[in-house]
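# Overview (structure and organization)
Listed below are the residues making up each chain.
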Amino acid sequence: MSTPYDDQLEELRAGYQAQLAQIGELQSRMREVTGTATAKAQAMKVTVGPQGELLSVEFPTGAYRSMAPKELADLIVKTVQEARGKATAAVAEVMAPHLPQGFDTTGLLNGSADVTQLMGSEPVMPDAVREYVDRGRPV
């Protein structure tokens, strides 16, 4: 049995499927993100993945050989942090077009954003569907 809302429900389903496809593409693009940083005097170069995981460490010169252990350790930490910052910025750039304008995308990634800005107090739906949900009858 058909209802007056079948077309609207099908439209909602189609919109949902389109959003799923868009999210799949977004996830794929995010997985490809890397961040690379090179330390002073090219003592080291690191590359991290989209979640800050260490992917590679290179020592393009022999500069690290003359460093004290503490100095080298500090250089590693600083260089990895810089690479992570670049990766986070790149992920934020990929995500930004899919979030409300002005939303703190970097804050979302580091846990400091107000995520209640992402969703309204009510789900988005056509007026006729809202009327049916609220009152149980067509407009």
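Residues numbered from 1 in each chain as written. Predicted model: local features only at pLDDT ≥ 70, side-chain atom pairs only at ≥ 80, totals over all residues. Heavy atoms only, no water.

### Side note on the pattern of salt bridges
Evaluated as defined, the whole model comprises 4 salt bridges. A salt bridge links Asp74 to Lys70; its shortest N-O distance comes to 2.9 Å. You can see Asp74 and its partner Lys70 sitting in helix H2 (residues 69-95), 4 residues apart, about one turn around the helix. Since its relative accessible area comes to 60%, Lys70 is described here as exposed. We note a salt bridge from Lys86 to Glu82, for which the minimum N-O separation is 3.6 Å. With a gap of 4 residues between them, Lys86 and Glu82 both fall in helix H2, about one helical turn apart. (Salt bridge = Lys/Arg side-chain N within 4 Å of Asp/Glu carboxyl O. Helix = DSSP H or I, 4+ residues; strand = E, 2+ residues; numbered from the N terminus. Buried < 20%, exposed > 50% of the residue type's maximum accessible area, 1.4 Å probe, protein only.)

### Here we look at the packing of aromatic side chains
Within this structure, the stated rule accounts for 1 aromatic pair. With a centroid separation of 4.6 Å and 45 degrees between ring planes, the pair formed by Phe59 and Tyr64 is classed as tilted. Residue class for Phe59 comes out partly exposed when judged on its relative accessible area of 33%. The partly exposed category is assigned to Tyr64, whose relative accessible area is 25%. (Phe/Tyr/Trp six-rings, centres within 6.5 Å; stacked < 30°, edge-to-face > 60°.)

### Some points on the packing of helix H1 (residues 6-31) against H2
Two elements in contact, H1 and H2, have axes whose closest approach is 10 Å; the angle formed by their N-to-C orientations is 160 degrees. Our classification of the angle between H1 and H2 gives roughly antiparallel. Considering only the axes of H1 and H2, their crossing is right-handed. Where H1 abuts H2, its residues Leu26, Arg29 and Met30 lie against Val91, Val94 and Met95. Taken together, the residues of the contact of H1 with H2 break down into 5 nonpolar, no polar and 1 charged. (Axes fitted to C-alpha atoms, helices over the stretch in contact; angles between N-to-C directions. Parallel < 35°, antiparallel > 145°, perpendicular 65-115°, else oblique. Left-handed = near helix turned anticlockwise from the far one by under 90°. Contact = heavy atoms within 4.5 Å. Nonpolar A, V, L, I, M, F, W, Y, C, P; charged D, E, K, R; others polar.)

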